[in-house]
Amino acid sequence: NIAYHITGSDPVLVIENGKLTEYHAKVLPKESIVDTNGAGDAFVGGFLAKLAEGKSIQSCVLCGIWAATEIIQQSDALVLMTKLILNEIRSEAAE
């Protein structure tokens, strides 16, 4: 069983099998943040993409953080989020 909590640039809190782990995201300068709409969705998309591949929870969280960090630096989040996640999955599949 897994539970996680995300809030902005605060650490992602994950409870897995009763153990709490914190994952820290890179804090971006304010001028780099364009639009925070879709950040949570991007996190979930990245997380679930890795979970579907059978990756570790750490890999899932780190991909979620990566996706959310990328998306807040762009406008038109939905289109970009889809492209970023698909590109990440493709690049890892090629490895």
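Quick note: structure is the one above.
Would you mind going over a nonpolar patch on the surface with me for this structure?
A grouping of Ile-2, Tyr-4, Ile-6, Val-44, Leu-48 and Leu-51 is seen on the molecular surface, where their side chains present a nonpolar patch of about 450 Å² in accessible area. Examining the composition of the nonpolar patch, we find that three residues originate from one element, helix α1 (residues 39-52), more than from any other.

Help me understand the sheet that holds strand β2 (residues 12-16), please; the structure alone is not making it clear to me.
Backbone hydrogen bonds are what pair the strands of a sheet, in a parallel or an antiparallel way. With antiparallel pairing, three strands are arranged side by side in an open sheet as β1-β2-β3. Both edges of this open sheet fall to β1 (2-5) and β3 (19-23), since each of them pairs with a single strand only. Ignoring which end each strand starts from, the neighbouring axes of this sheet average 20° apart. Pairing geometry for β1 and β2, over four bridges, is antiparallel. Each residue of the ladder has a partner; that of Tyr-4, found in β2, is Val-14.

Help me out: how do you make sense of α1 in this one?
Taking 1.5 Å as the rise per residue, α1 with 14 residues should run 20 Å; its terminal C-alpha atoms sit 20 Å apart, in good agreement. Buried residues of α1: Ala-39, Ala-42, Phe-43, Gly-46, Phe-47, Ala-49 and Lys-50, and no others. In a view along the axis of α1, the buried residues occupy a sector of 160°, so they form one face of it. In α1, those exposed residues whose orientation departs by more than 90 degrees from the buried face are Asp-41 and Ala-52. Phi for Gly-54, located one or two positions after α1, is positive at around 80°.

Rules behind the numbers
Residues numbered from 1 in each chain as written. Predicted model: local features only at pLDDT ≥ 70, side-chain atom pairs only at ≥ 80, totals over all residues. Heavy atoms only, no water. Patch = residues over 30% accessible without salt bridge, like charges linked within 9 Å, V, L, I, M, F, W, Y side chains within 5 Å. Areas by Shrake-Rupley, 256 points an atom, 1.4 Å probe, with all protein chains shown as cover. Salt bridge = Lys/Arg side-chain N within 4 Å of Asp/Glu carboxyl O. Helix = DSSP H or I, 4+ residues; strand = E, 2+ residues; numbered from the N terminus. Pairing = 2+ DSSP bridges. Axes fitted to C-alpha atoms, helices over the stretch in contact; angles between N-to-C directions. Expected span 1.5 Å × (residues − 1). Buried < 20%, exposed > 50% of the residue type's maximum accessible area, 1.4 Å probe, protein only. Arc of directions from axis to C-beta.

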